[in-house]
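Below are the chains, spelled out letter by letter.
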Amino acid sequence: MLTTTTKVLEPGELDDALAVLDRDPVANAFVAARVQVAGLDPWRLGGEMWGWYENGRLESLCYAGANLVPVCATPEAVRAFAERARRQGRRCSSIVGPAAPTAELWSLLEPAWGPAREVRAHQPLMVTTRPAADVTPDPYVRRIRKDEMDLIMPACVAMFTEEVGISPLAGDGGLLYQARVAELVGAGRSFARVENGRVVFKAEIGAATLRACQIQGVWVAPEYRGKGLSETGMAAVLRYALADVAPIVSLYVNDFNTAARAAYRRVGFEEVGAFMSVLF
């Protein structure tokens, strides 16, 4: 007889959680990176980790923090996570994850949580293990130093506002967002091309494990677009990522951003799946 249960994972279950996350190191990079650094203590993790168990064995996870993220979630687990999220009430600013379970999760939560501000139902997940040979990395793309926060922040704010549709400075005045940018800069995972004291291209390695990492926040200053900076800049960041961080590099992109998808393919990325994001 099959018995199932859902509960918040305890710190002592870290190895079991990492085993689930390791089933798909690319799709799970964001959550795996957080767990590897912070463990499962909710205060350090920035949220709870919910577990779905079958006959006492941990099979699926759901990170419930600023984002709600299903991990290796079976249809039965998705239903259980949706029920728990409904009872708790919405505390996240987005739901994001592999497209199929995220779509099912949102279909169950929308009657209670909807409407969303925006739903991005198909965001191609792209990966590479080596850069394209015919795109020369931009030699002027470099790591941002810790004393250059004032330089990188305006570009980060512009990127976030353009991508998400709201400013990251809203609410708390940008304290949390600035802390996240500073964390990436301090870890050596923020990259930019600077001209005349201004960032004209930037990107970050936002999540990193020993097996895979994820590039995020790719942005080109508006007046520099269409000049190939996204390709040569991404090639440079990709070179850093493969050399210093992980053997597999991933990113996900909005399906309507055909220019970016084409640029990433030219740099060496290929589409292997899809994510979905629900923004509140």
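The structure this text deals with has already been given above.
No experiment lies behind these values; they were computed from the predicted model shown.

Visitor: I keep staring at the packing of aromatic side chains and nothing clicks. Help me out?
Guide: We describe a pair of aromatic rings using the distance from one ring centre to the other and the angle between the two ring planes. Scanning the model with the defined rule gives eight aromatic pairs in all. Residues Phe 30 and Tyr 63 carry aromatic rings whose centres are separated by 6.3 Å and whose planes lie at 80° to one another, so their mutual orientation is edge-to-face. Taken together, the positions of Phe 30 in helix H2 (residues 29-38) and Tyr 63 in strand S3 (residues 57-64) put the pair 33 residues apart, joining distant regions of the chain. Taking the centre distance of 6.0 Å and the plane angle of 75° together, the rings of Trp 113 and Phe 280 count as edge-to-face. One end of the pair, Trp 113, is in helix H5 (residues 99-113); the other, Phe 280, is in the segment after strand S12 (270-279), and 167 residues separate them in sequence. The pair Trp 113 / Phe 280 is uniform in exposure class, with both members buried. The rings of Trp 106, Trp 113 and Phe 280 are connected pair by pair, giving a single aromatic cluster. Above the ring of Tyr 224, the side-chain terminus of Lys 227 is found at 5.2 Å from the ring centroid. The residue whose ring lies beneath Arg 239 is Tyr 240, and the NZ or CZ to ring-centre distance is 5.9 Å.

Visitor: Mind showing me how you'd approach the sheet that holds S12 here?
Guide: Hydrogen bonds along the backbone pair up the strands of a sheet, which may run parallel or antiparallel. The sheet built from twelve strands is open, its strands ordered S1-S2-S3-S4-S5-S12-S6-S11-S10-S9-S8-S7 with mixed pairing. Of all strands in the sheet, those with a lone pairing partner are strand S1 (4-8) and strand S7 (141-143), marking the two edges. Neighbour-to-neighbour, the strand axes of this sheet turn through a mean angle of 25°, independent of strand direction. Here strand S2 (residues 48-54) runs beside S3; their pairing, made up of seven bridges, is antiparallel. What sits directly across from Met 49, in S3, is Tyr 63. Helix H9 (residues 258-267) contacts strand S6 (118-128), strand S10 (213-220), strand S11 (249-252) and S12 of the sheet and is inclined by roughly 10° relative to S6.

How each quantity is defined
Residues numbered from 1 in each chain as written. Predicted model: local features only at pLDDT ≥ 70, side-chain atom pairs only at ≥ 80, totals over all residues. Heavy atoms only, no water. Phe/Tyr/Trp six-rings, centres within 6.5 Å; stacked < 30°, edge-to-face > 60°. Helix = DSSP H or I, 4+ residues; strand = E, 2+ residues; numbered from the N terminus. Buried < 20%, exposed > 50% of the residue type's maximum accessible area, 1.4 Å probe, protein only. Lys NZ or Arg CZ within 6 Å of the ring centre and 35° of its normal. Pairing = 2+ DSSP bridges. Axes fitted to C-alpha atoms, helices over the stretch in contact; angles between N-to-C directions. Contact = heavy atoms within 4.5 Å.

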